[in-house]
Every structure is written in C-alpha cells, then in structure tokens.
Amino acid sequence: QVQLAESGGGSVQAGGSLRLSCRASGYTGSSTCMAWFRQAPGKEREGVATIYASGGRTYYADSVKGRFTISQDNAKNIVYLQMNSLKPEDTAMYYCAAKYGGVCDLRQIQYDFWGQGTQVTVSL
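In this text the structure is predicted, and so the values were computed from the model without any measurement.

Chemist: So what exactly am I meant to see when it comes to the state of the cysteines here?
Modeler: By definition, a disulfide links two cysteine residues through a covalent bond between their sulfur atoms. Scanning the model with the defined rule gives 2 disulfides in all. Two residues, Cys22 and Cys96, share a disulfide whose sulfurs are 2.0 Å apart. Its S-S torsion of approximately -80 degrees makes the covalent link between Cys22 and Cys96 left-handed. Here Cys22, found in strand 3 (residues 18–26), pairs with Cys96, found in strand 9 (residues 92–99); they are 74 residues apart in sequence, far enough to count as distant. Cys96 matches Cys22 in its accessibility class, with the two residues each being buried.

This is the structure in structure tokens:
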C-alpha cells in the first residue's frame, strides 16, 4: 500500500513562511493527484491545494491563493506545500493525500491515501 508521511510543520508568527513536505513510499505507481488538506480545531477538514502528477497543473482554495504553492518532485516521490504570508487562520493540522483516477479536486472523500498530518501554528 501507499504510505504518506508529512513533515515541516511548526510554529511561526503571522507573515512568516513554512514549507511542508510529503514523502510517499510503498507502491506509488503514478497517482493521478496529490493534495494538501487541513483541519483546525472545531472546524471541518478542508482542501487546500492539489496538483496533477502528470503535467503539474494546480488548483487552490480561494483562502490560500497567492500565498501557498504546491509543487512536486516526481523522481523523489515528494510533494511540497510552500506557505507564505501565513495568517492565524491558517493554524491547523495539515494532511497530505493521494488519489488514483478521476480528476484532481479538493473533495476529501475522493482521496485514497492519507498521511498522519503535521501541525502548523501561526501566532499574532
């Protein structure tokens, strides 16, 4: 099975930056999409960004457009989430996910494999 492991979370002040990494292992035979989701305390999990494994086309939630960038290194099976201009409302547990088949979107039910998450905390 595919295993996903996130890293790079931490605590930063508003306006700061963090770069999250998601390393895939096991059977990783060309996923259709890789994505990042997040869940803050008391809130539902929401999609943040997704990227097509082939071609690299990306889509973002409106709340992070212009601030976050998803990218990938297919040779190393790593997906990144560069987060700039962080805001307190970005505080959440961030999860990496992979999807096989279909189109890339930000609906969590559509994703087949998930990492265990990495915490991001943004203070004022």
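Chemist: Explain the pairing of strand 11 (residues 118–123) here, please?
Modeler: Side chains of strand 11 alternate between two faces, with Thr118, Val120 and Val122 buried and Gln119, Thr121 and Ser123 left unburied. Strand direction decides the pairing type here: strand 2 (residues 10–13) and strand 11, joined by 4 bridges, are parallel. Bridging from a neighbouring strand, Gln13 pairs with Ser123 of strand 11. Of the pairings in the sheet, the one linking strand 9 to strand 11 comprises 3 bridges and is antiparallel in character. Each bridged residue has a counterpart across the sheet, and for Met93 the counterpart in strand 11 is Gln119.

Chemist: Honestly, unusual backbone geometry in this entry has me stumped. Any pointers?
Modeler: When glycine is set aside, most residues are seen to have a negative phi, and most peptide bonds are trans. Here Asn77, not a glycine, exhibits a phi torsion of approximately 55 degrees, which is positive. Of note, Asn77 is situated in the loop between strand 7 (68–73) and strand 8 (78–83). Residue classification places Asn77 among the partly exposed positions, given a relative accessible area of 33%.

Chemist: Just to check I follow, could you spell out the side chain of Thr91 for this structure?
Modeler: Note on placement: Thr91 falls in the loop between strand 8 and strand 9. A polar contact is formed between the side chain of Thr91 and the backbone oxygen of Pro88, at a distance of 2.9 Å. Not counting residues within four places of it along the chain, the set of residues in contact with Thr91 comprises Ala40, Gln119, Val120, Thr121 and Val122.

Chemist: Please explain the sheet that holds strand 8 as it appears in this structure.
Modeler: Two pairing modes exist for strands in a sheet, parallel and antiparallel, and in both the strands are linked by backbone hydrogen bonds. The strand order 1-3-8-7 describes an open sheet built from 4 strands, whose pairing is antiparallel. Taken across any chain shown, the strands that pair with only one partner, and hence form the sheet edges, are strand 1 (2–7) and strand 7. With direction set aside, neighbouring strand axes in the sheet form an average angle of 20 degrees. As paired strands, strand 3 and strand 8 are joined by 6 bridges and run antiparallel to one another. Bridge pairing in strand 8 places Arg23 opposite Ile78.

Definitions and limits used
Residues numbered from 1 in each chain as written. Predicted model: local features only at pLDDT ≥ 70, side-chain atom pairs only at ≥ 80, totals over all residues. Heavy atoms only, no water. Disulfide = S-S within 2.5 Å. Helix = DSSP H or I, 4+ residues; strand = E, 2+ residues; numbered from the N terminus. Buried < 20%, exposed > 50% of the residue type's maximum accessible area, 1.4 Å probe, protein only. Pairing = 2+ DSSP bridges. Polar contact = N/O pair within 3.5 Å; in protein donor to acceptor, adjacent residues only side chain to side chain. Contact = heavy atoms within 4.5 Å. Axes fitted to C-alpha atoms, helices over the stretch in contact; angles between N-to-C directions.

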